[in-house]
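# Coordinates in review
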Amino acid sequence: MAAPEAIPGIPLAKALQATAGLGFLLYCLTAILILLARIRLRRHAPKVQVNAGSSDDR
């Protein structure tokens, strides 16, 4: 069995694995930020709807 350093594709495979890991981390952080923004907007939305619906401009 050859040492890992002797196999030609190992450095490239490690670099691709690190890149994929960083991409997945970025994906997870983006998803969390979107979910937090949606929660914040949903908490704020009923107040805006009540204020907008109370004015009667007929």
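Anything mentioned here points back to the structure above.
Scope of this entry: the structure provided in the associated data block. (Residues numbered from 1 in each chain as written. Predicted model: local features only at pLDDT ≥ 70, side-chain atom pairs only at ≥ 80, totals over all residues. Heavy atoms only, no water.)

### A short note on the overall build of the chain
When helices and strands are tallied, the chain shows 1 helix and 0 strands. For the chain, with 58 residues in total, the buried portion stands at 0%. Summed over all atoms, the accessible surface of the chain reaches about 5,700 Å², with 69% contributed by carbon and sulfur. (Helix = DSSP H or I, 4+ residues; strand = E, 2+ residues; numbered from the N terminus. Buried < 20%, exposed > 50% of the residue type's maximum accessible area, 1.4 Å probe, protein only. Areas by Shrake-Rupley, 256 points an atom, 1.4 Å probe, with all protein chains shown as cover.)

### Side note on a nonpolar patch on the surface
Among the surface-exposed residues, Ile32, Leu33, Leu36 and Ile39 lie close enough to one another that they form a single nonpolar patch of about 400 Å² accessible area. On the secondary structure map, Leu33 appears in helix H1 (residues 10-54). Given a relative accessible area of 58%, Leu33 falls into the exposed group. (Patch = residues over 30% accessible without salt bridge, like charges linked within 9 Å, V, L, I, M, F, W, Y side chains within 5 Å. Salt bridge = Lys/Arg side-chain N within 4 Å of Asp/Glu carboxyl O.)

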